[in-house]
Amino acid sequence: MGEPKRIVATHGMRCFSKIKMFLLALLGAYLSKSLSGIYMNSMLTQIERQFNIPTSIVGLINGSFEIGNLLLIIFVSYFGTKLHRPIMIGIGCVVMGLGCFLISLPHFLMGRYEYEKTISPASNLSSNSFLCSGNRTKTLTPTPDPAECAKEIKSSMWIYVMVGNLIRGIGETPIMPLGISYIEDFAKSENSPLYIGILESGKIFGPLIGLFLASFCATIYVDTGSVNTDDLTITPTDTRWVGAWWIGFLICAGVNILTSIPFFFLPKTLSKYELDDNVDVTKSDKEEKHLEKANKKKRGLTKDFLPFMRSLSCNSVYMLFLLVTVIQMNAFVPLLTFLPKYLEQQYGKSTAEIIFLIGAYNFTPVCIGYLVSGLIMKKFKITVKKAAYIAFCLSLTEYLLSFFNFMLTCDNFPVAGLTASYQHERIQQPLYVENKVLDDCNTRCNCLTKTWDPVCGDSGLAYMSACHAGCEKSVGTGINMVFQNCTCIRPSGNSSAVLGLCNKGPGCTVKLQYYFIMTMITSFIFSLAAIPGYMVLLRCIKSEEKSLGVGLHAFFMRVFAGIPAPIYFGALIDTTCLYWGTLKCGEQGACRMYDINNFRRVYLGLPAALRGSSYLPAFFIVLLVRKLQFPEEVDSAELKVAEVKLTEKESGCMVVHRSPVVENNRELKTRL
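Residues numbered from 1 in each chain as written. Predicted model: local features only at pLDDT ≥ 70, side-chain atom pairs only at ≥ 80, totals over all residues. Heavy atoms only, no water.

The name given to the protein in an unreviewed UniProt entry is Solute carrier organic anion transporter family member, with the source organism recorded as Mesocricetus auratus. Recorded under Subcellular location (unreviewed entry), the UniProt text for the protein is reproduced unchanged: "Cell membrane". As stated in UniProt under Sequence similarities (unreviewed entry), the record for the protein gives "Belongs to the organo anion transporter (TC 2.A.60) family." (UniProt positions renumbered as here; feature names shortened; annotations may be inferred.)

Next up, the structure:
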C-alpha cells in the first residue's frame, strides 16, 4: 500500500512543477507583451509628431494591433487547443519581437526630424529675420523648397509602424486564450483564480517597466547622436518635441524573443491529478489515455465547431457578458490610448513626466488589487453568484468615483490671438482665424501667420512667435535665447520673452496630484472587480467550450471596441484642435494646441456615458446568475445529500463516509 502512495506523490510533484514552470513562462510572456503594448501607447504622441499625422491616424495605428489579433483569434482559440499550445505561444512571442523591430525601422530609413521653427541654428545677433521687422515683405507662409517638399513624402512611413503593430497583434494572439485554457485544463480548479491573478499581475509589472522605459526614451531627442542638441530651440515640454521612441521598440523586440525560448521545451499536455490517498496512479494513467484517444476519435478539428457556437449563442449570461465587455471597452480603450495626450494638454507637463507619473501612481494599486482579489477568491471559495455580485458592486463604485475627475481641470494655455486677447482677456470660445491672430502692436512686423514657434512673455501671456510678441531684439542661442523690446507685451517695449509656452501655474500641478491620488483609488477598486468578473465569464462556459468562448470574447472586444474606438475617438479629439502645425509645403501637420475644455468633454464625457449604459445588462447578469446552478454547486449539493442518505442507511454505526474528491462520488453512489 505504501508504494502506490509514494508513486502518486512523486508523480504529483512532477506534474505540479510542470504547471508551475508553464505559469512562470506564461508570466514572462504576459510581461513582454504588456511591456511592448504599453510602450506603444505611451509613444503614440511622439509618433504623431514624428510623422505629422492627425490623431485619427494615430487611432488607426493603435487599432492595427487589434486587426492583427483579429485575423487569427478564432482560429487560434479553437484549433490551438488541438495543437501544441506551448509551442504556439512561443512562436507568437517571436512574431511579436519581429513586429516591434519593424516599428522601429522608419527611424533608420528617414532623414532627420525637422520641426516648425522661425529660428535657424545659425541665427545670431546679426541675423534676426525671425523678429519684428517692418523692412520684410509680408508673407503668410514660408516659400517651399521643392527638395524639402520631396522629403516630406517620407512621412508616409508611418505605414511601417502600422504594419509592425499589426504583426505584433498577430503574435500576441495565442498567448491569452491558449495560456488560460492550458491552466484551466491542467491546474486544480481551486488554484485557477490565484494563477489568473498572478498572470494579471504580470500584465501590470510589464506596463510598469514599459512606462518607465517610455519616460526615459521621451527625454532623449529622437535624433540623438546625429544632431547637436545645443542647437535645439525646443524642450521636452514643447508640443513639437519628439523623443527617441525607436530605442524602446528595439528593446521590446529583444525581450519578446527571449521570453519565447522556454515554451519550446514544455510538454503538449499535463496529467491533472488530485493527490488523494485512494487514487491508483496506474489506473488513472490508463483512464486518461483512454479518454484522450476516445476524444480524438469522437471529434475532428471542425466537427464540433458549429455546435459549440450554437451553444455559446444560447448562453444568455455569456452573451450579456459580451455586450457589457464591448460597451465598457469602447470606454476604456480610448481612455488608455489617449491618456498621456490628455494629461499633457490638461496640466501642461511633458510626455516624459506624465508617463512616469502614470507608472508611479496607477499600476502598483492595480497589481495589489489583482493579487488580493485572486487570494480572496481562493481562500473563501467564492461562488459564481457571489463573484458576479462583488464584481458589479465594485465596478459601479469605481465608476461613480471617476466623476471627480471632471472637477480636477485647468484652463487653456494663454496664447494671444487664440485663447486670450492681446489685452489678457480670456476668449470664451477659442478659434483660430488667420487674420485675427495679429493685433495693432504687430501689424507693422509682417509676421508669418502660419507658424508655430511660441514664446512666453514676462507678463504670463504666450505668443505664437517672437514676431507676434513684437520683439525686436534677441540675446543668447538655443533654448537659452531671450527676446527683448517686445511691444505687444508692454507698449513701452521694456519687456522680454523666452522660448516655449507659459507654465500653467502651481494650482494646476496640485490638481494633477489630486487626479493621480483619485486614480490610485479607482484603479485599486477596478482591479478588485476584475478577477471575480473574469471568473464569471469562465464559469458560465462549459469546459469543452472554454477555449472557444474566451477566444470569441476577445474577438468581439477587438471587432467592436479595440479597432473602431481609437479611430472614432481620435477623430473626435481632432475636432477640438485649435491650431494645426504646417509642413514646409503648406500641408497640415500634427495638432500643436487643443481647446482643453472641449477636449475634456470628449475625453471624459463620452466614456462616462458609455460605461453608464453598460450597467443595465450587467445588472441582468447578476439576476440571471442567481437563478442558475453551476457544476461545482451541483456536485456539492449531491455530495451532501449522499452523505445524509448513507448516514441514515448505516444508522446502527452512525458512520459518515466522506469522499474528498468530487470525481470519486461514484463510489459513494454505488454504496447507496
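> Even after reading the chapter, I still don't get the overall build of the protein, so can you show me in this structure?
Counting its secondary structure elements, the protein contains 21 helices and 7 strands. Across the 672 residues of the protein, 53% fall into the buried class. For the protein, the exposed area adds up to about 30,300 Å²; of that, 63% sits on carbon and sulfur atoms. (Helix = DSSP H or I, 4+ residues; strand = E, 2+ residues; numbered from the N terminus. Buried < 20%, exposed > 50% of the residue type's maximum accessible area, 1.4 Å probe, protein only. Areas by Shrake-Rupley, 256 points an atom, 1.4 Å probe, with all protein chains shown as cover.)

> I would appreciate a short explanation of the state of the cysteines in the present structure.
One way to say it: the disulfide is the covalent bond shared by the sulfur atoms of two cysteines. With the rule as written, the count across this model stands at 7 disulfides. The disulfide bridge from cysteine 456 ends at cysteine 502, spanning 2.0 Å between sulfur atoms. One quick way to see it: the torsion about the S-S bond of cysteine 456 and cysteine 502 is about 110°, and its sign makes the bridge right-handed. Residue cysteine 456 is found in strand S1 (residues 455-457), and its partner cysteine 502 is found in the loop between strand S5 (496-499) and helix H16 (506-539); the two are separated by 46 residues along the sequence. Cysteine 456 gets classed as buried once you look at its relative accessible area, which sits at 15%. Sulfur of cysteine 217: no disulfide; nearest cysteine sulfur belongs to cysteine 252 and is 8.7 Å away. (Disulfide = S-S within 2.5 Å.)

> What is the right way to look at helix H2 (residues 44-51) in this model?
Every α-helical turn comprises 3.6 residues, leaving residues that sit three or four positions apart pointing alike. Taking burial as the measure, the 8 residues of H2 include 8 buried ones, the bulk of the element. Among the residues of H2, those classed as buried are Leu44, Thr45, Gln46, Ile47, Glu48, Arg49, Gln50 and Phe51. Among the residues trailing H2, asparagine 52 stands out with phi positive, at a value near 55°.

> Would you take a moment to explain the confidence of the model for the protein for this structure?
Low-confidence regions, as indicated by low pLDDT, have predicted coordinates that should not be scrutinised in detail. Chain-level statistics for the protein give a pLDDT mean of 80 and a share of 79% at 70 or above. Ranking the helices and strands of the protein by mean pLDDT puts helix H9 (residues 245-260) first, with 95, and helix H21 (residues 665-671) last, with 40. Segment residues 273-291: pLDDT under 50, and 23 contacts once partners within four positions in sequence are set aside and those in other chains are kept. Every residue in residues 639-672 is under pLDDT 50, and counting partners more than four places away or in other chains gives 34 contacts. (pLDDT = per-residue confidence, 0-100. Contact = heavy atoms within 4.5 Å.)

> Can you help me understand the environment of valine 482 in this one?
Within the secondary structure layout, valine 482 lies in strand S4 (residues 482-484). Considering only alpha carbons, one finds valine 482 and alanine 497, 15 residues apart in sequence, at a separation of 5.9 Å. Residues within four places of valine 482 in sequence aside, it is in contact with Lys473, Ser474, Val475, Ser496, Ala497 and Val498.

> Explanation requested: the pattern of salt bridges in the structure shown.
Side chains carrying opposite charge are able to pair once their charged atoms draw close together. Per the counting criterion, the structure on display carries 10 salt bridges. Here arginine 444 ties to glutamate 472 by a salt bridge, and the two come within 2.9 Å at their closest N and O atoms. With a gap of 28 residues between them, arginine 444 in the loop between helix H15 (384-401) and S1 and glutamate 472 in the loop between strand S2 (462-463) and strand S3 (473-475) connect regions that are remote in the sequence. We classify glutamate 472 as partly exposed; its relative accessible area is 39%. (Salt bridge = Lys/Arg side-chain N within 4 Å of Asp/Glu carboxyl O.)

> So what exactly am I meant to see when it comes to the environment of serine 316 here?
Mapped onto the fold, serine 316 is located in helix H12 (residues 316-337). With relative accessibility at 38%, the residue serine 316 sits in the partly exposed group. Separated by 304 residues in sequence, serine 316 and phenylalanine 620 have C-alpha atoms that sit 9.7 Å apart.

> Could you clarify how one ought to interpret the nonpolar core in this entry?
Across soluble globular proteins, you tend to see nonpolar side chains buried next to one another. By size, the foremost hydrophobic cluster in this structure holds 132 residues, and its most contacted members are Leu26, Phe51, Trp245, Phe263, Leu343 and Tyr603. Per-element accounting of this core gives the leading share, 11 residues, to helix H1 (residues 2-42). In terms of nonpolar packing, the next biggest core, distinct from the first, is built from 18 residues, Tyr422, Leu461, Phe483 and Cys486 among them. (Core = buried A, V, L, I, M, F, W, Y, C linked by side-chain atoms within 4.5 Å.)

> How should I be thinking about the packing of helix H11 (residues 305-313) against helix H17 (residues 546-562) in this particular structure?
Any two packed helices are characterised by the angle at which their axes cross and by the distance between the axes. Two elements in contact, H11 and H17, have axes whose closest approach is 10 Å; the angle formed by their N-to-C orientations is 65°. Compared by their axis directions, H11 and H17 come out roughly perpendicular. Between H11 and H17 lies a crossing of right-handed hand. From H11, Phe305, Phe308, Met309 and Leu312 reach across to H17, where they touch Leu548, Gly549 and Leu552. (Axes fitted to C-alpha atoms, helices over the stretch in contact; angles between N-to-C directions. Parallel < 35°, antiparallel > 145°, perpendicular 65-115°, else oblique. Left-handed = near helix turned anticlockwise from the far one by under 90°.)

> Where do I start with the packing of aromatic side chains in this structure?
By convention here, two paired aromatic rings are described through the distance between centres and the angle between planes. For the structure shown, the criterion picks out 29 aromatic pairs. Note on phenylalanine 108 and tryptophan 246: the rings are 5.5 Å apart at their centroids and 75° apart in plane angle, and the pair reads as edge-to-face. Of the two residues, phenylalanine 108 is situated in helix H4 (residues 85-109) and tryptophan 246 in helix H9; the sequence distance between them amounts to 138 residues. Classification of phenylalanine 108 as partly exposed rests on a relative accessible area of 47%. Ring pairs connect the aromatic residues Phe392, Tyr399, Phe403, Phe406, Tyr615, Phe619 and Phe620, which therefore count as one cluster. Its end group placed over the ring of tyrosine 30, lysine 33 keeps NZ or CZ at 4.9 Å from the ring centre. One Lys or Arg, lysine 504, reaches over the ring of phenylalanine 413 and ends 4.6 Å from the middle of that ring. (Phe/Tyr/Trp six-rings, centres within 6.5 Å; stacked < 30°, edge-to-face > 60°. Lys NZ or Arg CZ within 6 Å of the ring centre and 35° of its normal.)

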